[in-house]
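Residue-level listing of the chains:
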2 protein chains.
Amino acid sequence: MTIAQAIRDGIAARIRSGELKPGHRLPVEHEMVAAYGCSRATVSKAMASLAAAGLIERRRKAGSFVARPHLEQAVLAVPDIARIVGERGEVYGWRLAERRAAKATDLADDDPHPGARLFVAGTHLAGGAPFAIERRLIALDAVPGVEEADFEREAPGSWLLARIPWSEARHRIDAVAASRADAMALGIASGAPCLRIERWTWRGASPVTHVVQVFPGDRYSLVARFGPSD
Amino acid sequence: MTIAQAIRDGIAARIRSGELKPGHRLPVEHEMVAAYGCSRATVSKAMASLAAAGLIERRRKAGSFVARPHLEQAVLAVPDIARIVGERGEVYGWRLAERRAAKATDLADDDPHPGARLFVAGTHLAGGAPFAIERRLIALDAVPGVEEADFEREAPGSWLLARIPWSEARHRIDAVAASRADAMALGIASGAPCLRIERWTWRGASPVTHVVQVFPGDRYSLVARFGPSD
DNA sequence: AAGTGGTCTAGACCACATA
DNA sequence: ATGTGGTCTAGACCACTTC
């Protein structure tokens with residue numbers, strides 16, 4: 001364990017235990033240098049880490065203070081479906097249902113970035129049974145070579161993940177009732193509750209892909225954990 | 001903009017643009033010191049930040065490499081319901097439905113930490129109409145004073161948030177069909193799809209609270225964003 | 001005006017993974 | 001055995017904010 005980690009964990013523990021209450025002022029850095037017998041850079045690193053984790057707030061000239069607790073965000077595991085299925089110990093599969101040229105507005109009306117898209121729809125399979133369905137638009141200009149890709153064999157998500165350098169994403173998570181068509185594809189009752197995940201991905205300012213995935217509510221849960229960072 | 005930020009952003013931009021492809025080896029730190037004309041600590045800080053963001057991977061003796069893109073996690077906004085309602089421009093309210101002594105297993109069977117609990121159930125209101133229902137267990141030993149709290153006036157979530165020093169949390173997000181009772185409380189049809197959020201909160205090793213919140217699927221979506229850090 | 005955190009330098013030692 | 005990243009020191013200057 002590094003010195004910076006030890007300092008951070010010690011203070012974090014005193015905050016979590018309630019010994020240091022919200023609003024409490026922590027010693028200034030030079031006092032902590034004396035108390036811990038290390039350099040100021042090390043103290044500073046520990047304090048910066050606490051601030052990044054939201055445990056403390058730091059203000060110049062004023063000092064460092066224990067923050068009010070807040071639970072406003074958590075790290076969400078975003079489904080890489082092939083991996084999820086593999087971790088369940090089932091065999092992953094993909095079945096292409098449709099592939100055609102499309103426009104940006106075919107999946108949603110609010111896409112401000114026009115341009116040619118490829119529409120791909122299909123079903124993710126776990127142990128041969130439907131696990132999730134997916135409808136996806138891929139921007140042709142952002143993804144060279146996509147028109148030659150073989151989406152009969154490989155799901156477009158993993159194909160893209162291996163080729164697009166980096167991305168920014170926005171997710172929207174909903175509960176919806178399965179439409180007739182979706183229920184058929186998933187082998188569930190029409191109207192059954194489903195978890196719907198919609199994801200927009202960009203590369204810089206240009207959209208790369210926009211996907212809607214629908215999971216039967218009884219077959220998949222998202223799990224997120226939030227705790228002391230590191 | 002600091003030197004470390006400038007170095008980080010420059011490399012991040014080259015990775016996102018595709019100029020630096022996954023697997024590409026970046027210069028070693030002492031070369032970057034020469035290239036940027038700064039100290040090694042500054043280069044190291046920039047590279048550590050890139051590694052924390054998942055853009056690069058660093059291995060001792062081997063060097064630093066552009067990482068394969070991955071979108072496995074995102075920062076999830078966890079509902080602080082009063083705030084959500086306020087941001088929608090509606091008036092928040094809370095209606096207590098039930099309050100009684102309970103056991104840890106009353107909400108789920110798998111709580112390994114026995115002990116006395118307080119059970120609280122009620123409805124969150126937006127503009128007077130039901131917005132979400134909540135069922136909650138609160139551990140008496142972890143939350144002194146909870147037996148005297150007035151949950152007629154204040155929702156237990158915000159009451160707890162203002163008093164519990166810090167917490168670790170686990171979330172589970174599901175799509176479920178509204179039960180008869182939940183549908184009545186929410187003013188929706190029985191069986192309608194709902195987003196169900198379950199959260200366990202700890203303080204150190206001891207559980208603090210365990211809550212199930214149910215939102216009508218058409219009234220609330222979770223939104224997550226994932227992008228370049230900072 | 002003074003004190004605080006934010007950042008940087010130049011140098012050092014070490015653990016570790018690879019060659 | 002060697003080179004890499006990981007961490008730390010001691011000191012410095014600066015920007016900002018409150019006093």
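Because the structure is predicted, anything quoted here is derived from the model rather than measured.

Let's talk about the protein's contact with DNA strand C
Then, number 1: In the region of DNA strand C, 24 residues are neighbours, and A:Arg40, A:Arg58, B:Ile3, B:Ser39 and B:Thr42 sit closest.
Then, number 2: The contact in question runs from a base nitrogen of DNA strand C to an N or O atom on the side chain of B:Arg40, over 3.1 Å.
Then, number 3: Mapped by element, the contributors of at least two residues to the surface near DNA strand C are helix H3 (40–52), strand S2 (56–59) and strand S3 (63–66) of chain A together with helix H1 (3–16) and helix H3 (40–52) of chain B.
Then, number 4: The element best represented in the surface near DNA strand C is H3(B), accounting for four residues.
Then, number 5: When the residues that make up the surface near DNA strand C are grouped by side-chain class, the tally is five nonpolar, seven polar and twelve charged.

As for the interface of chain A and chain B
Often, the extent of an interface is quoted as the loss of accessible area upon association of its parts.
Then, number 1: Across the boundary between the two partners, chain A contributes 51 residues, which contact 51 residues of chain B.
Then, number 2: Roughly 4,700 Å² of surface becomes buried between chain A and chain B when both sides are summed, with 58% attributable to carbon and sulfur atoms.
Then, number 3: At the boundary of chain A and chain B, one finds zero salt bridges.
Then, number 4: Run the count over chain A and chain B and you get ten residue pairs in polar contact (both at pLDDT 80 or more).
Then, number 5: Mapped by element, the contributors of at least two residues to the side of chain A that touches chain B are helix H1 (3–17), strand S4 (73–77), strand S8 (168–177), strand S9 (193–203) and strand S11 (222–226) of chain A.
Then, number 6: With ten residues, S8(A) is the largest single contributor of residues to the side of chain A that touches chain B.
Then, number 7: Here the side of chain A that touches chain B is built from residues that sort into 29 nonpolar, eleven polar and eleven charged.
Then, number 8: Inspection of the sheet shows S4(A) paired to strand S4 (residues 73–77) of chain B by five bridges, in the antiparallel sense. Bridge assignment links A:Ala77 to a residue of S4(B), and that residue is B:Gln73.

Thoughts on the protein's contact with DNA strand D
Then, number 1: With respect to spatial proximity, 23 residues lie near DNA strand D, and among them A:Ile3, A:Ser39, A:Thr42, B:Arg40 and B:Arg58 are the closest.
Then, number 2: When atoms of DNA strand D within 4 Å of the protein are split into backbone and base, the sugar-phosphate part holds 65%.
Then, number 3: A:Thr42 places a polar side-chain atom, nitrogen or oxygen, 2.6 Å from a phosphate oxygen of DNA strand D.
Then, number 4: Residue B:Arg58 places a side-chain N or O atom 2.6 Å away from a phosphate oxygen belonging to DNA strand D.
Then, number 5: Among the secondary structure elements, those contributing two or more residues to the surface near DNA strand D are H1 and H3 of chain A together with H3 and strand S3 (63–66) of chain B.
Then, number 6: When residues of the surface near DNA strand D are assigned to their parent elements, the largest contribution, four residues, is made by H3(A).
Then, number 7: Within the surface near DNA strand D, the residues separate by chemical class into five nonpolar, seven polar and eleven charged.

Remarks on the sheet that holds strand S1 (residues 25–26) of chain B
Residues and elements named next belong to chain B.
Then, number 1: Read across the sheet, three strands follow the order S1-S3-S2 without closing on themselves; strand pairing throughout is antiparallel. Each end of this open sheet is capped by a strand with a single partner; those strands are S1 and strand S2 (56–59).
Then, number 2: Bridging between S1 and S3 involves two bridges; their strand directions are antiparallel. Bridging across to S3, Leu26 finds its partner in Ser64.
Then, number 3: Where H3 meets the sheet, its contacts fall on S1, S2 and S3, and the angle it forms with S2 comes to roughly 120°.

Focus on the relation of the copies chain A and chain B
Then, number 1: Screw-axis analysis of chain A against chain B gives a translation of 0.0 Å along the axis, an RMSD of 0.3 Å, and a rotation angle of 180°. Viewed as a symmetry operation, the transformation between the two copies matches a two-fold axis.
Then, number 2: In this assembly the copies share their binding face: 100% of the residues contributing to the interface of chain A also contribute to that of chain B.

Some words on the confidence of the model for chain A
Then, number 1: Across chain A, the average pLDDT comes to 89, with 97% of residues at or above 70.
Then, number 2: Across chain A, element-level confidence peaks in helix H6 (residues 180–186) of chain A with a mean pLDDT of 97 and bottoms out in S4(A) with 75.

Thoughts on unusual backbone geometry
Residues and elements named next belong to chain A.
Then, number 1: In this model, Lys61 sits at a positive phi of 70°, which is unusual for a non-glycine residue.
Then, number 2: Tracing the backbone shows Lys61 in the loop between S2 and S3.
Then, number 3: The class of Lys61 is exposed, set by a relative accessible area of 85%.

Points about the side chain of B:Thr123
Then, number 1: Tracing the backbone shows B:Thr123 in strand S6 (residues 116–126).
Then, number 2: Beyond its immediate stretch of four places on either side in the chain, B:Thr123 contacts B:Gly93, B:Trp94, B:Arg95, B:Pro130, B:Ala132, B:Ile133 and B:Ala185.

Details of the sheet that holds S2(A)
Sheet strands pair by backbone hydrogen bonding; their relative direction is either parallel or antiparallel.
Residues and elements named next belong to chain A.
Then, number 1: Ordered by their spatial adjacency, three strands build an open sheet running S1-S3-S2, and the pairing between neighbours is antiparallel. Two strands in the sheet have a free side with no partner beyond their single neighbour: strand S1 (25–26) and S2.
Then, number 2: For S2 and S3, the ladder comprises four bridges, and the chain directions are antiparallel. Each bridged residue has a counterpart across the sheet, and for Arg58 the counterpart in S3 is Ser64.

Overview of the packing of aromatic side chains
Then, number 1: Applying the stated criterion across every chain, the model contains eight aromatic pairs over all chains.
Then, number 2: Ring geometry for A:Phe151 against A:Trp159: centres 5.6 Å apart, planes inclined by 85°, an arrangement best described as edge-to-face.
Then, number 3: A relative accessible area of 1% places A:Phe151 in the buried class.
Then, number 4: These aromatic residues form a ring-pair network of at least three members: A:Phe131, A:Phe215 and A:Tyr220.
Then, number 5: One Lys or Arg, B:Arg170, reaches over the ring of B:Trp200 and ends 4.2 Å from the middle of that ring.

Conventions used here
- Residues numbered from 1 in each chain as written.
- Chains lettered and ligands numbered in written order.
- Predicted model: local features only at pLDDT ≥ 70, side-chain atom pairs only at ≥ 80, totals over all residues.
- Heavy atoms only, no water.
- Near = heavy atom within 4 Å.
- Polar contact = N/O pair within 3.5 Å; in protein donor to acceptor, adjacent residues only side chain to side chain.
- Helix = DSSP H or I, 4+ residues; strand = E, 2+ residues; numbered from the N terminus.
- Nonpolar A, V, L, I, M, F, W, Y, C, P; charged D, E, K, R; others polar.
- Contact = heavy atoms within 4.5 Å.
- Buried area = accessible area lost by both parts, 1.4 Å probe.
- Salt bridge = Lys/Arg side-chain N within 4 Å of Asp/Glu carboxyl O.
- Pairing = 2+ DSSP bridges.
- Axes fitted to C-alpha atoms, helices over the stretch in contact; angles between N-to-C directions.
- Least-squares fit on C-alpha atoms with pLDDT ≥ 70 in both.
- pLDDT = per-residue confidence, 0-100.
- Buried < 20%, exposed > 50% of the residue type's maximum accessible area, 1.4 Å probe, protein only.
- Phe/Tyr/Trp six-rings, centres within 6.5 Å; stacked < 30°, edge-to-face > 60°.
- Lys NZ or Arg CZ within 6 Å of the ring centre and 35° of its normal.

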